[in-house]
Amino acid sequence: MEVEFLTISKIHQGLLKKEFSAEELTRTYLEKIKSNEEKLGAFLEVCEDLALSQAREVDELIFQGREIPLLAGVPCAIKDNILVRGIKCTAGSKILENYVAPYDATCIKKLKKEKVVILGKTNLDEFAMGSSTEHSAFKITRNPHDLEKVAGGSSGGSAAAVGGGECCFSLGSDTGGSIRQPAAFCGVVGLKPTYGAVSRYGLIAFASSLDQIGPITKNIEDCEIVFNAIKGKDPRDSTSVEANLKSQIFRGPHSASSGMGQESNLKSITKISNLRVGIPKEYFGEGIDKRIREMIEEAIKKIEKEGAKIEEISLPHTKYALACYYIVATSEASANLARYDGIRYGMSYEISNLKSQISNLMDVYLKTRGEGFGQEVKRRIMLGTYALSAGYYEAYYLRAQKVRTLIKQDFEKNFEKVDFILTPVSPFLPFKIGEKIDDPLKMYLSDIFTVSSNLAGVPALSLPCGKVGELPVGVQIIGKPFSEPAIFQLGKFLEKIFGK
Amino acid sequence: MITKKEVQHVAKLARLGLSEKEIEKMQKELSVILEYIDLLKEVDVSEIKPTFHSVLIENVMREDEAKRESPQIINKLLDEAPSKEEGYVKVKEILK
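Residues numbered from 1 in each chain as written. Chains lettered and ligands numbered in written order. Predicted model: local features only at pLDDT ≥ 70, side-chain atom pairs only at ≥ 80, totals over all residues.

Caption draft 1: Examining the overall build of chain B more closely. For chain B, the count of helices and strands is three helices and two strands. A compact globule built from 96 residues should have a C-alpha radius of gyration of about 12 Å, whereas chain B, at 23 Å, is more than 25% larger. Principal-axis analysis of the C-alpha atoms gives chain B an extent of 55 × 45 × 25 Å. Considering chain B as a whole, with its 96 residues, one finds that 16% of them fall into the buried category. (Helix = DSSP H or I, 4+ residues; strand = E, 2+ residues; numbered from the N terminus. Rg over C-alpha atoms; globule rule 2.2 N^0.38 Å. Buried ≥ 20, exposed ≤ 12 C-beta atoms within 10 Å, placed from the backbone.)

If you want it as structure tokens, here you go:
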């Protein structure tokens, strides 16, 4: 069985027509993981027993002639900062090396209700802090399109697993680009939903006002299915909301929602010449790889040819987004990571070094955290602590939150005149393993086109739009808050015209 | 440029035990990053209100009720603690 090209609906059809059983399908993926993992390194843990028992349950339902959900029996992978009950959850950190999740994250509960098959947990930069997955305490994940290159990050394992055909879809988390950039690097689709659209309960917190869980998939249709399964208000995350999802972005007589078939869908969209797409000039200036710029410009031309109105717009505070992000994100992280103290759960230096002569509580903290966290995490805790400390709070943290207001207003103003904003996802192609690891600031620049959406809370999707040699390039669709259905509509249309 | 003393102070606030070498490295790296972040100083924010959350959230209230968990769950959570005794999490003495 060739599993590389299986999408959710194909799997669903295959199961219903009894072309394969869920167990056979799961075993095929497990074998693929076994033979592939040594070079790819996408998984931190494969949970074969759980996967097979979930698959057998689905087979039993089919055997009984019961109706099964669309996602039933679909093998997926979960970023290892999302809790799956009874399975280790390390966040890519030594400090949580032996931590076993005592409960399910809300999104996992929802996926289990849909009867998915969970194959395992995927690699990430420690606590999701990084842009290449090289900051994982455990292993390096390679790009399925070029094994010498990084898979991106921090959801590099989740993106590589989908791109490398080791699962049908995966979940990632995105604080400043951690779903979209690896999705672009690995040639797959990735969505950072509107802030609040998906519950963060059971996600190991990095920066709570920016974090969102989202799907990484092979195409837009799958992305929509998974998003619809995991979204919704959750009493256990008070920032989650019941989204009033807007689908009517394409106005005019030929609404894109008419017609179920692909053909009629395409037709209806090509006729809506009042679709307005904004191209922010700040995303095409200095620092972007010329080959990526040309490819995105080419994509824009194709969209224009189909009848959409392309407008050059300006998001004047783009220049400040990265600096703003690194203050907000690290400040929140320094508070969130205070819980790893060697006492409540996770690693304790005292316990793992029984011969050590630790006599007071302060030393338990210092030693545990000094030993348990990796370099990048320490750097960010330091930066965040500094930005929040007496004398610096106003100059750094408060100022950054004010700049954030301006960044958000840039989007609000422009969304009065355009329906979507189109940009590159990453300023550069997947880079060599080790290339940026010793220069934190250079690594941070990976996120230059993605952080703004997190600061503003708007949804953003990464979609493959072509390749430079073997290396995939992604285009980013940014929409108004809670406009995910419209983003999917546009995405499906673009998939077609990009010749997927 | 952040001073070595400042780095040591912040490390203590953050409860991070850093080696001498790490402190030196951190001093260099944080200085470079902070220099980049100084970019924010050129923005006029005098009339601007901060955005702590991207979506407008009002206080989310609920009844202040303790929810009982089963002993199994409680034990599971306790099991995660590195050091415990008689159903309590154990820490070093904090008062002499």
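Don't stop here, the text continues.
Caption draft 2: Geometry of the interface of chain A and chain B. Taken together, the contact between chain A and chain B spans 51 residues of the former and 40 residues of the latter. Residue assignment for the side of chain A that touches chain B shows that the elements contributing at least two residues are α10 (318-336), α12 (361-372), α13 (375-388), α14 (393-414), α15 (440-444) and α16 (451-456) of chain A. The biggest single contributor to the side of chain A that touches chain B is α14 of chain A, with ten residues. Residue composition of the side of chain A that touches chain B, by class: 28 nonpolar, 14 polar and nine charged. (Contact = placed C-beta atoms within 7 Å. Nonpolar A, V, L, I, M, F, W, Y, C, P; charged D, E, K, R; others polar.)

Caption draft 3: Highlighting the nonpolar core. Cys76, Ile82, Leu119, Cys324, Tyr326, Ile327 and Met382 of chain A are the most contacted members of the largest nonpolar core, which totals 161 residues. Here the element with the most residues in this core is α10 of chain A; it accounts for eleven residues. (Core = buried A, V, L, I, M, F, W, Y, C linked by C-beta atoms within 7 Å.)

Caption draft 4: A look at the pairing of strand β11 (residues 420-424) of chain A. Residue and element names in this part refer to chain A. Taking burial as the measure, the five residues of β11 include five buried ones, the bulk of the element. By the bridge criterion, two bridges tie strand β9 (residues 276-280) to β11 in an arrangement that is parallel. Across the sheet, residue Val277 finds its bridge partner in β11, namely Phe420. Relative to strand β13 (residues 471-479), β11 runs antiparallel, the two sharing five bridges. (Pairing = 2+ DSSP bridges.)

Caption draft 5: The arrangement of helix α2 (residues 22-40) of chain A in detail. Residues and elements named next belong to chain A. Approximately 35° is the largest bend angle found in α2, and it occurs at Lys34. Within α2, the full set of buried residues consists of Ala22, Leu25, Thr26, Tyr29, Leu30, Lys32, Ile33 and Leu40. At the C-terminal side of α2, Gly41 shows a positive phi close to 70°. (Bend = angle between axes of the 7 residues up to and from the residue.)

Caption draft 6: Molecular detail of the sheet that holds strand β12 (residues 460-468) of chain A. All names here are of chain A. Within the open sheet, the eleven strands sit side by side as β1-β3-β2-β6-β8-β7-β12-β13-β11-β9-β10. Their pairing is mixed. Across the chains shown, the open sheet's two edge strands, defined by having one partner strand only, are β1 (43-46) and β10 (309-313). Going across the sheet, the axis of each strand differs from the next one's by a mean of 30°, ignoring polarity. The pairing of strand β7 (residues 189-192) with strand β8 (residues 212-217) spans two bridges and is antiparallel. What sits directly across from Gly190, in β8, is Ile216. Running over the sheet, helix α5 (residues 156-163) touches β1, β2 (75-79), β3 (117-122), β6 (169-174), β7 and β8 and is turned about 155° from β6. Contacts from helix α9 (residues 290-305) reach β9, β10, β11, β12 and β13, with the element oriented near 110° to β12. (Axes fitted to C-alpha atoms, helices over the stretch in contact; angles between N-to-C directions.)

Caption draft 7: Summary view of the environment of Asn414 of chain A. All names here are of chain A. Counting through the fold element by element, Asn414 comes out in helix α14. Expressed as a C-alpha distance, the spacing of Asn414 and Leu337, which sit 77 residues apart in the sequence, is 36 Å. In this structure Asn414 touches Gly278, Ile313, Leu315 and Ile421, once residues within four positions along its chain are discounted.

Caption draft 8: Focus on unusual backbone geometry. Looking along the chain, the bond that leaves Gly153 of chain A and enters Ser154 of chain A is cis, with omega of 10°. Within the element layout of this structure, Ser154 of chain A appears in the loop between β5 (146-150) and α5. Of note, Phe482 of chain A is a non-glycine position whose phi angle comes to about 60°, a positive value. Along the chain, the position of Phe482 of chain A falls in the loop between β13 and α17 (484-497). A tally of 22 C-beta atoms within 10 Å means that Phe482 of chain A is categorised as buried. One non-glycine residue, Arg15 of chain B, adopts positive backbone phi at about 55°. Within the element layout of this structure, Arg15 of chain B appears in the loop between α1 (4-13) and α2 (20-37). Exposure remark for Arg15 of chain B: the 21 C-beta atoms within 10 Å place this residue in the buried category.

Caption draft 9: Spotlight on α2 of chain B. With 18 residues, α2 of chain B extends 25 Å from end C-alpha to end C-alpha; this agrees with the ideal 26 Å at 1.5 Å per step. When α2 of chain B is considered as a whole, its buried residues turn out to be Met26, Leu30, Ile33 and Ile37 of chain B. Angular distribution of buried residues about the axis of α2 of chain B spans 65°; they occupy a single face of the element. Of the exposed residues in α2 of chain B, the ones pointing more than 90 degrees away from its buried face are Glu20, Lys21, Lys28 and Glu35 of chain B. For α2 of chain B, the secondary structure elements touched by its buried residues are α10, α13 and α15 of chain A together with α1 of chain B. (Expected span 1.5 Å × (residues − 1). Arc of directions from axis to C-beta.)

Caption draft 10: A look at the confidence of the model for chain B. All names here are of chain B. Model confidence for chain B is summarised by a mean pLDDT of 92, while 100% of its residues fall at 70 or above. Ranking the elements of chain B by mean pLDDT puts helix α3 (residues 71-79) last, at 88, and α1 first, at 97. Here the predicted complex carries an ipTM of 0.95, next to a pTM of 0.94. (pLDDT = per-residue confidence, 0-100.)

Caption draft 11: A look at the confidence of the model for chain A. Model confidence for chain A is summarised by a mean pLDDT of 93, while 94% of its residues fall at 70 or above. Note that pLDDT drops below 50 for residues 248-271 of chain A; the model gives that stretch 34 contacts with residues more than four away or on any other chain.

Caption draft 12: How the structure looks around the packing of α10 of chain A against α2 of chain B. At their nearest, the axes of α10 of chain A and α2 of chain B sit 9 Å apart, and the two run at 125° to each other. Judged on the interaxial angle alone, α2 of chain B and α10 of chain A are oblique. Here α10 of chain A contributes Ala323, Tyr326 and Ile327 of chain A to the contact with α2 of chain B, which in turn contributes Ile33, Tyr36 and Ile37 of chain B. The residue inventory of the contact of α10 of chain A with α2 of chain B, partitioned by class, reads six nonpolar, no polar and no charged. (Parallel < 35°, antiparallel > 145°, perpendicular 65-115°, else oblique.)

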